[in-house]
Amino acid sequence: KVMTYLECSRPIIAAIENESELVQTMIADGYGFQTPVGDADALAELLVKLADDPEWKEVMSKSASVAFEKNYSASVVLKKWSRLVADNEKRYRIV
């Protein structure tokens, strides 16, 4: 689902654990925020802030689009798969 949201340039507010790789990535790339699991007030606060601040939403939306293009676009994924196949051909001497 996250990749779909990024592809659609949608900011992400996730109620997940702080230690997750997703939290680190979305905050570093500027397209999302995390709220503690079960903290409805924190989630509501971020949703209201996002709804009330169109400029902040726009910045996060652009960041989501950039993150998608950088990490998950078809050309990027195909290059990664090509490298993976080539590496495994060498490793296992597949002809």
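Residues numbered from 1 in each chain as written. Predicted model: local features only at pLDDT ≥ 70, side-chain atom pairs only at ≥ 80, totals over all residues. Heavy atoms only, no water.

Before going further, it helps to examine the packing of aromatic side chains. The final tally for this structure, using the stated rule, is two aromatic pairs. A centroid spacing of 6.4 Å and a plane angle of 40 degrees characterise the contact between F68 and Y72, whose relative ring orientation is tilted. (Phe/Tyr/Trp six-rings, centres within 6.5 Å; stacked < 30°, edge-to-face > 60°.)

What follows concerns the nonpolar core. Judged by nonpolar contacts, L6, I12, A14, V23, M26, Y31, A64, A67 and F68 together constitute the single largest core of nine residues. Contributions of two or more residues to this core are made by strand 1 (12–15), helix 2 (21–29) and helix 4 (54–71). With three residues, helix 4 is the single largest residue contributor to this core. If we ignore the near neighbours within four places in the chain, the residues touching A64 are L6, S9, R10 and Y31. Ranked by size, the runner-up nonpolar core spans five residues in total, among them I13, L46, W56 and M60. (Core = buried A, V, L, I, M, F, W, Y, C linked by side-chain atoms within 4.5 Å. Buried < 20%, exposed > 50% of the residue type's maximum accessible area, 1.4 Å probe, protein only. Helix = DSSP H or I, 4+ residues; strand = E, 2+ residues; numbered from the N terminus. Contact = heavy atoms within 4.5 Å.)

We now examine the packing of helix 4 against helix 5 (residues 74–92). At a minimum axis distance of 6 Å, the contact between helix 4 and helix 5 shows a crossing angle of 30 degrees. Of the possible angle classes, the one that applies to helix 4 and helix 5 is roughly parallel. Two secondary-structure elements touch here, helix 4 through E69, K70 and N71 and helix 5 through V76, V77 and K80. In terms of residue class, the contact of helix 4 with helix 5 is made up of two nonpolar, one polar and three charged. (Axes fitted to C-alpha atoms, helices over the stretch in contact; angles between N-to-C directions. Parallel < 35°, antiparallel > 145°, perpendicular 65-115°, else oblique. Nonpolar A, V, L, I, M, F, W, Y, C, P; charged D, E, K, R; others polar.)

Glancing now at the packing of helix 3 (residues 40–52) against helix 4. The interhelical angle for the contact between helix 3 and helix 4, taken along N-to-C directions, is 100 degrees, at an axis separation of 5 Å. With respect to each other, helix 3 and helix 4 are oriented roughly perpendicular. Of the residues in helix 4, those in contact with L46, K49, L50 and D52 of helix 3 are P54, W56, K57 and M60. Class assignment of the residues belonging to the contact of helix 3 with helix 4 gives a composition of five nonpolar, no polar and three charged.

Moving on to the confidence of the model for the chain. The predicted model of the chain has a mean per-residue pLDDT of 90, with 98% of residues at 70 or higher. Here strand 1 is the element of the chain with the lowest mean pLDDT, 88, and helix 4 is the one with the highest, 94. (pLDDT = per-residue confidence, 0-100.)

To continue, consider the pattern of salt bridges. For the structure on display, the rule yields one salt bridge. The shortest N-O distance in the salt bridge between K70 and D29 comes to 3.7 Å. Of this pair, K70 sits in helix 4 while D29 sits in helix 2, placing them 41 residues apart in sequence. The partly exposed category is assigned to K70, whose relative accessible area is 49%. With relative accessibility at 24%, the residue D29 sits in the partly exposed group. (Salt bridge = Lys/Arg side-chain N within 4 Å of Asp/Glu carboxyl O.)

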